[in-house]
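A look at the structure
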Amino acid sequence: MNILALVLLLLTAPLSALGLPSSPPESWSMAGRGLPVLAEGRVMPLESWARLLSFRITGRENDSRATTWLLELLAGFESSPVEPRFLVNDAAILRAEGLNFTDRRLYSLEELTPLLVPDRVSALGLRYLNDPTPLGQEGLRFARALESWLALAEPEQSGFRVFLARGAGLTPLQLASQTGRTEAQTQDLGLWLYWRDQSQKGQWKEAEQTMALWSQRSQGELGLVNQVQLELLNNAVPWVFLLGLLALSGFTTRWWPSPSRNVGLQSLVLACLAVSTLWLVIRMVLTGRPPVTNLPSTFLFTGWLCLVVATVLVYRESGRGMAVLALISGAILPYFSGLFVGGGDPFVPPQAVLNTNFWLALHVSTVSGGYAAVLVSALLGHAYLWNSSRRGPGNLTPLWKALTASLVWGLSLTFVGTLLGGVWADQSWGRFWGWDPKENGALLIILWTALVLHLRATGWAQEWGTAFAAALGLSVLLFSWMGVNLLGQGFHSYGATTGKATLFFGLLALDALFLAMLAVRRVLR
Amino acid sequence: MFRFGSSKVSVVLLALLFLELLGGTLAQSLWGATAVQTTAFSQVFFWAQGVPLPGLPFWLGLTAINLSLGAWKNLKRTWQTAGLWIIHLALILFCLAGFGFAVVQEELLLGLPVGASSKVAFVKDAPQEVTRGLPFTLSVEAFSLPKYPASNEPSDYISDVRLTGGGIDQRARIQMNLPLRFQGFTIYQSSVQTVDGQMAPVFKITNNAWGFLPYALSGLLFGGLVLHLLLRRPGAKK
C-alpha cells in the first residue's frame, strides 16, 4: 500500500509547496449537492444539474465527480486546460472547423480554445441544425455542449439561477455585484462570498458548513413538499430496486427454504410494487404531470403495471411461476429508462407539442398498458417453450391460457391506446394518422398480435407454434417501443446511442438465437 | 385453399402488412420519414429502383375485402357474435378510410410573419409549389414563444390572428394543441420559421369533410370491443 501512498505524496507535494489548496473532501461536495438550482426549465438539486452538464459535455453518465467539478467551477477554480473533457464522436466536425485532429473521443480545453467563442459556437449549431445524418446530429450535440460550457464560463448569460432563500433567483455574478439588496439577500450574498473565500483558501470544513446552511435555508423556502429532497430520494430508489432484484435472483436459484417460499415470494412482490409505486409518485410530484410524459417514463410505468400483474398472480396457487416472470419484467424494465434519457435529464419538461396533461395521461397510459400485456405474453411464450423443451407439452394449460389472455388484452389496449393517440394528433395537429415511425411501431405491435391470435384458427400452428410466435413478439415489441428511437431519428445524442443501439440489437439477436435453439431441439426430438 | 374470406388469407395479409410496414419504417431511417410517407405508405403502387411495388393502401384495400367476405361467410348471425360483427365492420371501414385518406387527403401550410396577411396557402409535400385559395384572409397580429424558466425550450407557441372577408372580421388565438376551427377549416400551430431575422409562425390548414370518420369509427370499434367482452365474460348467458 505504502508504495502507492508514497507515490501519491510525492505527486501532491509540489502542489502543497506552491500554496494551492488541497482537493476538496467528499463532505464539501455532499454539503452542496442538495442546493436548489433553477435550470433547464425546472428546480433541481445541484447534483442533478452537475450530472446533466457533465453528461452533455463529457458523455459520462451519472458521473460521480460531477458535483465536485461544478462546485469547484462555481467557487472560482479554473478548469484544467489540458484535461481531456470534451466529447467529440467524429473528428470530422473539428477538421471542418480547421482543427486537424485524428479520431479520438475526448479533447481538452486548450485544444478547443479556437472554437470557444460565442459566434463560432452559434455558427456551428446553425450549420448542423437541419442535418439529419449521424454527423449532423453529432455536430449539433457538440455545439450544444460548447454552449453549455460557455454559459458556465459567463454566468450572467447562462440562464441558470441558484434558488436562494426568500425565493430570489439570482446568478452568482449578480450576487457578487448586486447593489440595493434586501436584508435577506445581503445574508445570502455574505454566505456565498464567505463560501468562495474559504474554498479558495482550502478551508474546506468552514466552506462545507456555510454551504450546508445555505442549502438548508434555500430548500426550506421551497415549501412542504420539497422537490429537491424528493429528487435526491428518487436518485436513491434504483438502488433499493436493485436489492429487490438481487433477492429475486437468490429466490429463483432456490436457496430460499421451501416452507416459507410462497410467503417470501409474496413479500418480495409487494416490496417491489411498493418501491415502484413510490418511484412513480415521486415522479408525478416532481413534474406535476401524469406518470408517463416521455419515452423513459413509459418503462417505469410499464414496469409498474407488470408488478401489479405479478401481485395479482402471486396469490393464486397456479400463478406463482407466472408471477416470477411478471416480477422479473417489472424489475428489469425501469433500467431501460436510463438508455433513453434525452439530454441527460429524466424530468426534462416536455416539448411544447406534448405539453398537455390530458392526452398524455389518456393515450400514453393506455398504450403502455397494452405494451405491458404484450410483454407478459411474450415472456409467457418463452416460458411455455422452455418448459415444453424440458418436460414435454403436458401440464402447460395454465401457462397457455394466461398467454392467450395476455395477447387479447395486449391487442385490445394497444389498439384503443393507438386510436386515442390518433384522436390527440387530429385534435392538436390536424391529422389522425401520419405514418410517423413511432405510430408505425404501435401499428406493428397490433398487426403482430392479431397475426398470432389468428394463427391457431388457420390450423397452421398449434399451441407450441402460437407460443413461438408470441415469444417472437418480444422482438417486435422492443423494436417498436424502443428500437425506432435508436434508428438515428435524433432522440438521443448519437455518440451515446451508437453503443446502446449495438447493445439493444445484440440482445434481440441473443433472444432470436435462444428461440432458434429451442426450435431446433423440438425438430430433432 | 386460399379463398378470400378465409382466416388463412387474413394471416397472409396481416403478415404482408406487417412486413411492408416494418420495411418502410426501416427505410424511413435511411431516406427520411417523408420520402416513405409519400410513396410506399400513401400510393396504391409505387416505384422502387424502377420496380413497381404494391403500397400499403393496396394491402389495406385487400384486407377490407377479405374481412368483409370473412365476416359474411364465417361469423354466425347470433346475438353472441354482435360484438364481433361491429368490430369487423369498424375494421373494414377503417381500412377503406385509410385507403381513401391516403389517396385524397390534402394539407395546406402557411407561414406568416407578424403584420403579414394571406388569402392563399401552399399544398404540403407537393413536388412543386402549388397554392390553394382560402375563403378568408388570415393575418398575424402577434406571435410569442414563451419558454420554460431558465431554459431555451419553448413551452408553447401563441399566435394572435385576425380573419377577415365575406362580411366577417374576427380575432382569435391559436396555440399548440389548441387549433382554431372556422368555417369548416381547422388552423393548427405547426412550427416556426425565420423570416428576415424575425420568428414567424407556420400554420397547417385542413378542410376535411370526412374528418369525423376516424372518431365515429373509433367509437364503433370501442363499442364493439366492449360488447364482445361483455357477451363473452365468464358467467354470461350463452
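Since this is a predicted model, take the numbers as computed values, not measurements.

Right, let's talk about the overall build of chain B for a bit. Secondary structure summary: chain B contains five helices and 10 strands in total. The C-alpha atoms of chain B give a radius of gyration of 23 Å, which is well past the 18 Å a tight globule of 238 residues would have. Referenced to the eigenvectors of the C-alpha coordinate spread, the extents of chain B come out at roughly 65 × 50 × 45 Å. Within chain B, the fraction of its 238 residues that count as buried is 27%. Pairs at least 24 residues apart make up 46% of the contacts formed inside chain B by residues separated by at least 6 positions.

Below, the discussion takes up the overall build of chain A. Each helix and strand in chain A was counted, giving 21 helices and six strands. Buried positions account for 43% of the 525 residues belonging to chain A. Considering only intrachain contacts with a sequence separation of at least 6, the fraction spanning at least 24 residues in chain A is 67%.

Quick look at the domain arrangement of chain B now. When the domains of chain B are assigned, the result is domain 1 (7-105 + 212-231) and domain 2 (108-206). Computed from C-alpha atoms alone, the centre-to-centre distance between domain 1 of chain B and domain 2 of chain B is 33 Å.

The subject of this paragraph is helix α15 (residues 295-314) of chain A. Under the 1.5 Å per step criterion, the end-to-end length of α15 of chain A is 29 Å for 20 residues, consistent within 8% with the ideal 28 Å. Across the 20 residues of α15 of chain A, 17 count as buried, placing the element largely inside the fold.

Attention shifts here to the domain arrangement of chain A. Residue and element names in this part refer to chain A. Per the domain assignment, the segments of chain A are domain 1 (21-220), domain 2 (224-355) and domain 3 (356-525). Counting residues at the interface gives 14 residues for domain 1, matched by 12 residues for domain 2. When residues of the side of domain 1 that touches domain 2 are traced back to their parent elements, those giving at least two are β2 (42-45) and α3 (46-58). For the side of domain 1 that touches domain 2, the element with the highest residue contribution is α3, accounting for five residues. Of the residues in the side of domain 1 that touches domain 2, the class split is six nonpolar, four polar and four charged.

What follows covers the packing of α3 of chain A against helix α4 (residues 66-74) of chain A. Residue and element names in this part refer to chain A. Their axes nearest at 8 Å, the elements α3 and α4 cross at an angle of 95°. Relative to α4, the element α3 lies roughly perpendicular. Of α4, the residues touching α3 (which contributes Leu46, Glu47, Ala50, Arg51, Leu53 and Ser54) are Ala66, Thr67, Trp69 and Leu70.

Once that is clear, we can look at the sheet that holds strand β5 (residues 131-144) of chain B. Residues and elements named next belong to chain B. Strand order in the open sheet made by the eight strands is β7-β6-β5-β4-β3-β10-β9-β8, with antiparallel pairing throughout. Every interior strand has two partners, whereas the edge strands, β7 (168-175) and β8 (180-182), have only one. Each neighbouring strand pair of the sheet contributes to a mean axis angle of 40°, computed without reference to strand direction. Pairing of strand β4 (residues 117-123) with β5, which is carried by five bridges, proceeds in the antiparallel orientation. Directly across from Ser118, in β5, lies its bridge partner Leu138.

On to the pairing of strand β2 (residues 51-54) of chain B, then. All names here are of chain B. Alignment of strand β1 (residues 45-48) against β2, held across four bridges, turns out to be antiparallel. Residue Phe46 lies in a different strand from β2, and its bridge partner there is Leu53. Counting the residues that bridge the hairpin from β1 to β2 gives two residues, and of these Gln49 lies at a positive phi of roughly 55°.

Attention now goes to the packing of helix α1 (residues 7-31) of chain B against helix α3 (residues 56-74) of chain B. Residue and element names in this part refer to chain B. Remark: α1 packs on α3, axes separated minimally by 10 Å, with the N-to-C direction vectors making an angle of 160°. Accordingly, the angle class assigned to the pair α1 and α3 is roughly antiparallel. The chirality of how α1 crosses α3 is left-handed. Contacts from Val9, Ser10, Leu13, Leu16, Leu17, Glu20 and Leu21 in α1 reach Leu56, Trp59, Leu62, Thr63, Asn66 and Gly70 in α3.

Turning our eyes to something else, we now look at the interface of chain B and chain A. Listed by partner, the interface residues are 39 residues for chain B and 42 residues for chain A. Here the side of chain B that touches chain A takes 13 residues from α1 of chain B, the largest share from any one element. Of the residues belonging to the side of chain B that touches chain A, the class tally is 21 nonpolar, 13 polar and five charged.

Residues and elements named next belong to chain A. With 101 residues, the main nonpolar core has Val269, Cys306, Ala310, Ala323, Ala326, Leu380 and Leu447 as its most contacted residues. Element by element, the count of residues in this core is highest for helix α17 (residues 357-391), at 15 residues. The contact partners of Leu380, leaving out residues within four places of it in the chain, are Met322, Leu325, Leu399, Ala402, Leu403 and Ser406. Within the second largest apolar cluster, 40 residues are counted, among which are Ile57, Leu71, Val121 and Leu146.

Low pLDDT means the predicted coordinates in that region are not meant to be read closely. Residues and elements named next belong to chain B. Summary statistics for chain B give a mean pLDDT of 85 and a share of 94% for residues scoring 70 or more. No element of chain B has a lower mean pLDDT than helix α4 (residues 82-104), at 80, and none a higher one than strand β6 (residues 158-165), at 93. The complex model carries a pTM of 0.79, and its ipTM stands at 0.86.

What follows concerns helix α5 (residues 213-231) of chain B. Residues and elements named next belong to chain B. Between its first and last C-alpha atoms α5 spans 27 Å; for 19 residues at 1.5 Å apiece the expected length is 27 Å, and the two agree. Those residues of α5 that fall on the buried side of the exposure criterion are Pro214, Leu217, Ser218, Leu221 and Gly224. All buried residues of α5 lie within an arc of 130° about the axis, which places them on one face of the element. In α5, the exposed residues that point more than 90 degrees away from the buried face are Gly219 and Leu230.

All names here are of chain B. Here Gln49, not a glycine, exhibits a phi torsion of approximately 55°, which is positive. Along the polypeptide, Gln49 turns up in the loop between β1 and β2. Even without being a glycine, Asn177 presents a positive backbone phi close to 75°. With respect to the helices and strands, Asn177 occurs in the loop between β7 and β8.

Quick look at the confidence of the model for chain A now. All names here are of chain A. Averaged over every residue, the pLDDT of chain A is 79; residues scoring 70 or more account for 79%. Of the regions scoring below 50 in pLDDT, residues 155-160 engages in 17 contacts with residues more than four places distant in sequence or in other chains. This model gives residues 163-169 a pLDDT under 50, and the stretch forms 20 contacts once residues within four places in sequence are excluded.

Turning next to the environment of Ser48 of chain A. All names here are of chain A. Within the secondary structure layout, Ser48 lies in helix α3. The class of Ser48 is buried, set by 27 C-beta atoms lying within 10 Å. Remark: the alpha-carbon pair of Ser48 and Val476, spanning 428 residues in sequence, is separated by 34 Å.

Reading the values: the criteria
- Residues numbered from 1 in each chain as written.
- Chains lettered and ligands numbered in written order.
- Predicted model: local features only at pLDDT ≥ 70, side-chain atom pairs only at ≥ 80, totals over all residues.
- Helix = DSSP H or I, 4+ residues; strand = E, 2+ residues; numbered from the N terminus.
- Rg over C-alpha atoms; globule rule 2.2 N^0.38 Å.
- Buried ≥ 20, exposed ≤ 12 C-beta atoms within 10 Å, placed from the backbone.
- Contact = placed C-beta atoms within 7 Å.
- Domains from an automatic or database assignment.
- Expected span 1.5 Å × (residues − 1).
- Nonpolar A, V, L, I, M, F, W, Y, C, P; charged D, E, K, R; others polar.
- Axes fitted to C-alpha atoms, helices over the stretch in contact; angles between N-to-C directions.
- Parallel < 35°, antiparallel > 145°, perpendicular 65-115°, else oblique.
- Pairing = 2+ DSSP bridges.
- Left-handed = near helix turned anticlockwise from the far one by under 90°.
- Core = buried A, V, L, I, M, F, W, Y, C linked by C-beta atoms within 7 Å.
- pLDDT = per-residue confidence, 0-100.
- Arc of directions from axis to C-beta.

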